[in-house]
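Letter by letter, the chains look like this.
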Number of protein chains: 2
Amino acid sequence: MLNSVPRLLASAVVVLALSAPAAQAQVRRKAKPAPAAAPAKADKTDSLALRKLFDEALLRGESYENLRYLTNTIGPRLSGSPQAQQAVDWGKATMEKAGFDRVYLQEVMVPHWVRGGKEKGEIVGNKGKEIRVAVCALGGSVGTGGKLKAGVVEVHSFEELKNLPDEAVKGKFVFYNRPFNDALIEPGAAYGGAVDQRALGAAEAAKRGAVGALVRSMTSARDDNPHTGTMRPATIPGAALSTMAADQLSQLLKASPELQFELEMECTTLPDEKSYNVVGEIRGSKFPQEIITVGGHLDSWDLAQGAHDDGTGCVQSIEALRLLRAAGFKPERTIRAVLFMNEENGARGGTEYARLAAQNKETHVAAIESDGGGFTPRGFNLEADAATLAKVAKWAPLLQPYGVDDIQAGHSGTDIEPLQATVHPKALIGYKCDSQRYFDIHHTAADTFDKVNRRELELGGASMASLIYLLSKYGL
Amino acid sequence: MLNSVPRLLASAVVVLALSAPAAQAQVRRKAKPAPAAAPAKADKTDSLALRKLFDEALLRGESYENLRYLTNTIGPRLSGSPQAQQAVDWGKATMEKAGFDRVYLQEVMVPHWVRGGKEKGEIVGNKGKEIRVAVCALGGSVGTGGKLKAGVVEVHSFEELKNLPDEAVKGKFVFYNRPFNDALIEPGAAYGGAVDQRALGAAEAAKRGAVGALVRSMTSARDDNPHTGTMRPATIPGAALSTMAADQLSQLLKASPELQFELEMECTTLPDEKSYNVVGEIRGSKFPQEIITVGGHLDSWDLAQGAHDDGTGCVQSIEALRLLRAAGFKPERTIRAVLFMNEENGARGGTEYARLAAQNKETHVAAIESDGGGFTPRGFNLEADAATLAKVAKWAPLLQPYGVDDIQAGHSGTDIEPLQATVHPKALIGYKCDSQRYFDIHHTAADTFDKVNRRELELGGASMASLIYLLSKYGL
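Residues numbered from 1 in each chain as written. Chains lettered and ligands numbered in written order. Predicted model: local features only at pLDDT ≥ 70, side-chain atom pairs only at ≥ 80, totals over all residues. Heavy atoms only, no water.

Taking an unreviewed UniProt entry as the reference, chain A is identified by name as Carboxypeptidase Q belonging to Hymenobacter ruricola. Recorded under Subunit (unreviewed entry), the UniProt text for chain A is reproduced unchanged: "Homodimer. The monomeric form is inactive while the homodimer is active." (UniProt positions renumbered as here; feature names shortened; annotations may be inferred.)

K.L.:
Please set out the overall build of chain A residue by residue, giving values where relevant.
P.N.:
Regarding its fold elements, chain A presents 16 helices and 16 strands. Taken over the C-alpha trace, chain A has a radius of gyration of 25 Å; the compact-globule value for 476 residues is 23 Å, and the two agree within 12%. By principal-axis analysis of the C-alpha atoms, chain A measures approximately 75 × 70 × 40 Å. Across the 476 residues that make up chain A, the buried fraction comes to 63%. In chain A, of all internal contacts separated by at least 6 residues, the share reaching a separation of at least 24 is 82%. (Helix = DSSP H or I, 4+ residues; strand = E, 2+ residues; numbered from the N terminus. Rg over C-alpha atoms; globule rule 2.2 N^0.38 Å. Buried < 20%, exposed > 50% of the residue type's maximum accessible area, 1.4 Å probe, protein only. Contact = heavy atoms within 4.5 Å.)

K.L.:
Go over the nonpolar core with me, naming the residues and quoting the values.
P.N.:
All names here are of chain A. Membership of the largest hydrophobic core comes to 100 residues, with the highest contact counts inside it found for Val174, Tyr176, Leu298, Phe380 and Ile429. The element that contributes the greatest number of residues to this core is helix α16 (residues 454–474), accounting for 10 residues. Two domains each provide a minimum of three residues to this core, namely domain 1 (7–112 + 271–474) and domain 2 (116–266). Leaving out residues up to four positions away in the same chain, Val174 has contacts with Val153, Val155, Leu161, Val169, Ala205, Ala210, Gly212, Ala213 and Leu214. (Core = buried A, V, L, I, M, F, W, Y, C linked by side-chain atoms within 4.5 Å. Domains from an automatic or database assignment.)

K.L.:
Describe the sheet that holds strand β3 (residues 130–133) of chain B, naming the residues involved and giving the relevant values.
P.N.:
Residues and elements named next belong to chain B. Taken in spatial order, the eight strands of this open sheet run β3-β2-β9-β5-β6-β7-β8-β4, and their pairing is mixed. The sheet is open, and its two borders are formed by β3 and β4 (135–137), each paired with just one other strand. Pairwise comparison of adjacent strand axes, ignoring direction, gives a mean angle of 30 degrees for this sheet. Bridging between strand β2 (residues 119–124) and strand β9 (residues 260–265) involves six bridges; their strand directions are antiparallel. The residue bridging Lys120 from the neighbouring strand is Glu264, located in β9. Strand contacts of helix α8 (residues 196–207): β6 (173–176), β7 (212–216) and β8 (238–241), with the helix running at about 155 degrees to β6, the strand carrying the most contacts. Here helix α9 (residues 243–255) sits on the sheet and contacts β2, β3, β5 (148–155), β6, β7, β8 and β9; the angle it forms with β5, its principal contact strand, is near 85 degrees. (Pairing = 2+ DSSP bridges. Axes fitted to C-alpha atoms, helices over the stretch in contact; angles between N-to-C directions.)

K.L.:
I'd love a proper account of α9 of chain B, names of residues and values included.
P.N.:
Because each turn of an α-helix spans 3.6 residues, side chains separated by three or four positions end up pointing in the same direction. All names here are of chain B. In a regular helix each residue adds 1.5 Å, so 13 residues correspond to 18 Å; α9 covers 19 Å between its end C-alpha atoms and thus fits that length. Here α9 has its buried residues at Thr243, Ala245, Ala246, Leu249, Ser250 and Leu253. Buried positions in α9, seen along its axis, are confined to an arc of 155 degrees and lie on one side of it. Of the exposed residues in α9, the ones pointing more than 90 degrees away from its buried face are Gln251 and Ala255. (Expected span 1.5 Å × (residues − 1). Arc of directions from axis to C-beta.)

K.L.:
I'd like a rundown of the layout of surface pockets, residues and numbers included.
P.N.:
Quantified by volume, the largest pocket comes out at close to 1,400 Å³. As for the largest pocket, its lining consists of 50 residues, and the residues nearest its centre are Arg437 and Lys451 of chain A together with Arg437, Asp450 and Lys451 of chain B. Of all elements in the fold, only α3 (63–74), α15 (438–441) and α16 of chain A together with α2 (40–60), α3 (63–74), α15 (438–441) and α16 (454–474) of chain B reach the threshold of two or more residues within the lining of the largest pocket. In terms of residues, the lining of the largest pocket owes the most to one element, α2 of chain B, which gives four residues. Grouping the amino acids of the lining of the largest pocket by side-chain chemistry returns 18 nonpolar, 10 polar and 22 charged. (1 Å grid on protein atoms, 1.4 Å probe; cavity = no way out; pocket = protein on both sides within 12 Å on 5 of 7 lines; lining within 4 Å. Points joined across faces, edges and corners; volume = space filled by probe spheres on them. Nonpolar A, V, L, I, M, F, W, Y, C, P; charged D, E, K, R; others polar.)

K.L.:
I'd love a proper account of the packing of aromatic side chains, names of residues and values included.
P.N.:
Residue and element names in this part refer to chain A. Using the criterion set out here, one finds 24 aromatic pairs over all chains in the structure. Measuring from ring centre to ring centre gives 5.7 Å for Phe173 and Phe261, while their planes differ by 75 degrees; the resulting arrangement is edge-to-face. Of this pair, Phe173 sits in strand β6 (residues 173–176) while Phe261 sits in strand β9 (residues 260–265); the two residues are 88 residues apart in sequence, bridging distant segments of the chain. Note on accessibility: Phe173 and Phe261 belong to one class, buried. Joined through ring pairs, the aromatic side chains of Phe180, Tyr191, Tyr438 and Phe439 make up one cluster. Just above the ring of Phe329 sits the side chain of Lys52; from NZ or CZ to the centre is 6.0 Å. (Phe/Tyr/Trp six-rings, centres within 6.5 Å; stacked < 30°, edge-to-face > 60°. Lys NZ or Arg CZ within 6 Å of the ring centre and 35° of its normal.)

K.L.:
Got a sec to walk through the side chain of Arg336 of chain B? Specific residues and values, please.
P.N.:
Residue and element names in this part refer to chain B. By the secondary structure assignment, Arg336 is in strand β12 (residues 333–340). The class for Arg336 is buried, based on a relative accessible area of 2%. Of note is the side chain of Arg336, whose polar atom sits 3.3 Å from the side chain of Tyr104. Leave out the neighbours within four places in its chain, and Arg336 touches Tyr104, Val279, Gly280, Glu281, Ile291, Ile292, Thr293, Val294, Leu321, Tyr353, Glu362 and His364. (Polar contact = N/O pair within 3.5 Å; in protein donor to acceptor, adjacent residues only side chain to side chain.)

K.L.:
Let's hear about the sheet that holds strand β1 (residues 102–114) of chain A: which residues, and what values?
P.N.:
Residue and element names in this part refer to chain A. A sheet is described by the order of its strands in space; here eight strands give the open sequence β1-β10-β12-β11-β13-β16-β14-β15, paired in mixed fashion. Each edge of the open sheet is held by one strand with a lone partner, namely β1 and β15 (406–409). Ignoring which end each strand starts from, the neighbouring axes of this sheet average 20 degrees apart. Across four bridges, strand β14 (residues 377–384) lies against β15 in parallel orientation. Its bridge partner being in β15, Asn381 is matched across the sheet by Gln408. Running at roughly 5 degrees to strand β10 (residues 268–282), helix α4 (residues 82–97) makes contact with β1, β10 and β12 (333–340) of the sheet. Most of the contacts of helix α10 (residues 307–326) go to strand β11 (residues 287–297), to which it runs at about 150 degrees, and overall it touches β10, β11, β12 and β16 (427–433).

K.L.:
So what's going on with the UniProt feature "domain: Peptidase M28" (unreviewed entry) in chain A? Which residues, and what values?
P.N.:
Mapped onto this structure's residue numbering, the UniProt feature "domain: Peptidase M28" (unreviewed entry) falls at residues 277–459 of chain A. End-to-end, the C-alpha atoms of residues 277–459 of chain A are 25 Å apart, and along that stretch the chain is 32% helix and 28% strand.

K.L.:
So, the pattern of salt bridges: which residues are in play, and what are the values?
P.N.:
Following the criterion strictly, the structure yields 58 salt bridges over all chains and no others. A salt bridge links Asp166 of chain A to Arg208 of chain A, with the nearest nitrogen and oxygen atoms 2.7 Å apart. Here Asp166 of chain A, found in helix α6 (residues 166–169), pairs with Arg208 of chain A, found in the loop between α8 (196–207) and β7 (212–216); they are 42 residues apart in sequence, far enough to count as distant. Classification of Asp166 of chain A by relative accessible area gives partly exposed; the value is 48%. In this structure, Asp46 of chain B and Lys473 of chain B form a salt bridge, with 2.6 Å as the shortest nitrogen-oxygen distance. (Salt bridge = Lys/Arg side-chain N within 4 Å of Asp/Glu carboxyl O.)

K.L.:
Tell me about the environment of Met231 of chain B, and please be specific about residues and values.
P.N.:
Residues and elements named next belong to chain B. Assignment of secondary structure puts Met231 in the loop between β7 and β8. Residue classification places Met231 among the buried residues on the basis of a relative accessible area of 3%. Along the backbone, Met231 and Gly139 are 92 residues apart, and their C-alpha atoms lie at a distance of 6.0 Å.

K.L.:
How would you summarise the packing of helix α10 (residues 307–326) of chain B against α16 of chain B if you had to cite specific residues and measurements?
P.N.:
What describes two packed helices is the angle between their axes and the distance between those same axes. Residues and elements named next belong to chain B. With their axes 8 Å apart at the nearest point, α10 and α16 run at an angle of 55 degrees to one another. Overall, the two elements α10 and α16 adopt an arrangement that is oblique. Crossing of α10 over α16 shows right-handed handedness. Contact residues: α10 offers Thr312, Val315, Gln316, Ser317, Glu319, Ala320, Leu323 and Leu324, while α16 offers Leu457, Glu458, Gly460, Gly461, Ala462, Met464, Ala465, Ile468 and Tyr469. A class-by-class count of the residues in the contact of α10 with α16 yields 10 nonpolar, five polar and two charged. (Parallel < 35°, antiparallel > 145°, perpendicular 65-115°, else oblique. Left-handed = near helix turned anticlockwise from the far one by under 90°.)

K.L.:
Which residues make up unusual backbone geometry, and what values go with them?
P.N.:
That bond from Asp309 of chain A to Asp310 of chain A is cis: its omega, 5 degrees, falls within 30 degrees of zero. Looking at the secondary structure, you find Asp310 of chain A in helix α10. One non-glycine residue with positive phi stands out, namely His424 of chain B, at about 40 degrees.

K.L.:
Just give me the short version of the packing of α3 of chain A against α4 of chain A, but keep the residues and values in it.
P.N.:
Residues and elements named next belong to chain A. Between α3 and α4, the shortest axis-to-axis distance is 11 Å and the interhelical angle comes to 160 degrees. Relative to α4, the element α3 lies roughly antiparallel. The chirality of how α3 crosses α4 is right-handed. Residue-level contacts link Asn66, Tyr69, Leu70 and Ile74 of α3 to Gln83, Gln86, Ala87, Trp90 and Thr94 of α4. Of the residues assigned to the contact of α3 with α4, the class counts are five nonpolar, four polar and no charged.

K.L.:
For the confidence of the model for chain A, give the residues involved together with the corresponding values.
P.N.:
Residues and elements named next belong to chain A. The share of residues in chain A with pLDDT of 70 or more is 91%, and the mean pLDDT across the chain is 93. The low-confidence segment residues 1–38 (pLDDT under 50) makes 95 contacts with residues lying over four places distant or belonging to another chain. Confidence metrics for the complex model read pTM 0.92 and ipTM 0.90. (pLDDT = per-residue confidence, 0-100.)

K.L.:
Outline the domain arrangement of chain A, listing residues and values.
P.N.:
Residues and elements named next belong to chain A. Each assigned domain of chain A is listed here: domain 1 (7–112 + 271–474) and domain 2 (116–266). Here domain 1 packs against domain 2, burying approximately 1,100 Å² in sum over the two surfaces, 59% of which is carbon and sulfur. If you sort the residues of domain 1 by the area they bury against domain 2, Trp301, Phe439 and His443 come out on top, with a joint share of 43%. The tally of links between domain 1 and domain 2 comes to zero salt bridges. Here the residues of the side of domain 1 that touches domain 2 are counted per class, giving five nonpolar, six polar and two charged. (Buried area = accessible area lost by both parts, 1.4 Å probe.)

Here it is as structure tokens:
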């Protein structure tokens with residue numbers, strides 16, 4: 001049971017019947033049967049290399065303390081905000097301190113939306129009874145210009161909205177209340193199946209003469225945290241209701257279809273601001289012209305600290321490069337850590353990075369993004385042809401001792417996908433970690449540093465460093 | 001990117017550049033290449049069966065609310081305590097409400113240790129300066145009989161203790177300060193490598209004439225939560241220091257080797273109490289004499305609510321049977337949910353269950369224990385021969401869509417291991433879930449309901465129900 005307990009104590013262990021949680025005795029994880037393997041000697045060298053990276057991360061990792069600063073000291077950093085600029089300065093300083101070969105900024109014009117002071121929602125009953133509920137403006141929404149009070153019509157799909165007669169919609173709030181499909185194993189899939197309501201709800205409702213859109217928050221959690229997020233620009237305001245507020249509104253609507261909702265939001269869009277991607281490089285020792293990018297997005301929503309979204313991706317990307325150097329490796333290909341600006345509401349950072357890559361006639365082998373939180377690593381999703389996917393999947397046995405061997409086709413990341421059209425890397429790769437808790441806090445006031453676990457975070461940095469090590473050594 | 005967004009909205013999506021976290025687009029997880037597979041028809045039936053179990057768990061699961069009651073209303077339930085009896089009553093009532101064929105108790109005499117009122121530790125400096133530090137008594141420790149003040153000698157192994165001269169140890173506290181090996185990927189392995197200090201520290205120190213043992217808490221976290229846990233009975237008291245307290249004591253000892261520590265604990269062992277395992281059965285429809293056990297331990301340490309240790313295992317075990325019935329299955333073999341008493345400090349429940357199994361001449365196919373928390377499922381550890389392990393591993397493709405396909409040899413569970421000697425099941429199986437956070441809260445005041453995520457918990461119950469479905473259908 002306790003493999004490391006010396007024999008002289010074995011009898012004591014038997015007598016003791018120690019508490020021995022199931023997790024305890026995974027002392028030696030046997031590797032799953034390997035698919036067609038790389039030559040044995042390469043395996044051993046690579047195996048030892050990955051072990052060094054994980055040791056460095058677990059024993060001397062710097063992601064966690066970097067994240068502490070980014071979240072607790074800088075905090076919410078929406079594109080165009082002063083804190084977004086502080087984050088740029090922090091990113092640059094952190095990379096310079098890590099001793100990368102080159103650290104520089106890429107200029108990006110970004111939208112500047114602000115939430116404003118007032119943000120209030122109330123269900124108003126027949127006798128004027130007011131029930132305050134938790135709401136927040138969706139990113140990019142117009143303000144209400146004072147109190148906006150109207151009736152409410154609930155829908156669960158755009159089809160349902162389409163089939164409503166004009167008088168059922170005109171002059172009202174359209175209340176989009178289709179919940180997450182909780183039966184889906186991957187919360188990201190449930191998000192994909194519901195987020196059209198948030199993205200397009202206001203624009204579609206405006207076409208029917210509605211005065212505003214109220215959208216059930218994008219989560220399976222039942223709580224009072226509204227989830228913000230970007231929406232397509234519209235002439236009418238869009239707000240998210242917490243799932244508790246949405247359930248309450250739905251219930252009261254059934255009893256009193258004539259009830260009204262009063263929304264007051266002072267959000268507005270200001271002129272675009274100049275901002276930056278932050279780029280750090282380790283120059284390749286053999287093929288310096290071939291580039292491997294690893295990144296996260298530096299901007300965050302404004303309700304909390306952007307811890308899991310996407311502070312973790314930023315610190316992990318910096319850490320991946322630091323780990324490679326600290327472990328004594330000289331990557332054959334050039335590795336770039338990129339902190340992308342404006343992923344949340346415009347993706348202008350990623351677009352500009354891809355444009356400059358083409359303008360500078362760069363050769364990109366692969367790009368990795370971490371934008372799914374800092375939870376326990378599971379694997380990588382690839383946008384690549386079958387041969388490339390197979391090549392990367394061959395490395396699964398090397399990653400299996402660390403539990404990060406789930407390599408499949410799938411979405412990579414908003415910031416790196418523009419590279420496909422401009423410089424066509426062989427693979428766009430999304431770092432994949434446990435996601436069951438992600439959408440509980442995504443885009444809410446709850447996305448704070450305390451939600452991040454140090455080991456899970458550092459394991460993620462090491463996982464990405466490991467993949468970069470292999471990509472750099474073998475190419476694609 | 002957003003696979004479910006209708007085409008008419010696709011252009012809007014492009015314009016919008018929605019926030020699309022990496023987790024989002026795992027819409028369709030492609031199965032890994034299957035090992036030697038079961039016949040295709042069986043696969044499809046089994047595949048659909050597992051899908052039903054997971055749907056039921058995710059959409060109508062009852063684990064979470066059951067756990068809420070067990071932790072928030074009953075709370076800490078150490079063997080022999082009134083709450084332990086309340087937990088027995090709750091377990092029986094919950095199983096009866098779930099409509100199992102048979103629900104009964106097995107009588108078990110259990111030790112009854114109580115922490116007592118006072119629990120205090122102080123570092124005492126030269127000038128009488130006192131620094132209060134976070135301590136807690138180890139389970140089964142004797143009290144200090146008032147204030148116990150003595151010098152401190154720090155060691156990192158039993159070997160180091162052995163090599164100390166008598167005068168360095170006699171009349172002092174031995175301070176065991178070997179930390180977790182953070183480089184190990186599995187926290188359980190790090191626990192296994194350090195817990196001998198907690199288990200045997202006091203007994204070994206007593207042999208050398210020490211007056212007490214102070215043990216660094218069993219965790220890699222750096223915080224002020226001391227971790228309790230059982231220790232081998234000793235003539236001198238044993239106490240855990242929080243890792244912060246341990247680091248502080250170690251640092252101050254270097255500066256002032258003559259400092260003293262003052263410990264005051266009123267814990268004591270009372271006479272054994274009568275308690276119970278709680279057993280619920282669904283009788284097999286084809287082979288009712290063949291038994292598959294699934295269980296967790298009902299007792300918990302007393303510092304918090306026993307949420308992850310092991311309330312989650314208890315509710316998941318009950319839920320596994322409920323899911324099978326709710327999904328409309330009639331298991332071919334008899335399935336038993338067992339809530340074992342006294343796992344934490346005696347394992348008397350598991351021992352008695354195994355003894356009765358032999359006495360009643362029962363035939364046991366397999367036993368599963370969930371005692372590693374209620375985090376995201378990863379797979380199962382088996383204590384079984386190679387042929388049996390291979391047979392179970394063949395089911396991995398069926399479990400892969402749910403991410404619970406990591407099937408390997410490893411430790412099963414304290415409560416079910418006694419079955420090996422008495423009725424020799426073909427497999428003893430430990431339910432394995434993500435463990436990175438487990439030892440942050442294990443045996444501390446932090447093991448509370450709010451640490452449990454509903455989806456992760458319900459996914460675990462479905463995972464165990466799935467394995468039981470397969471074990472029942474195919475046998476071993």
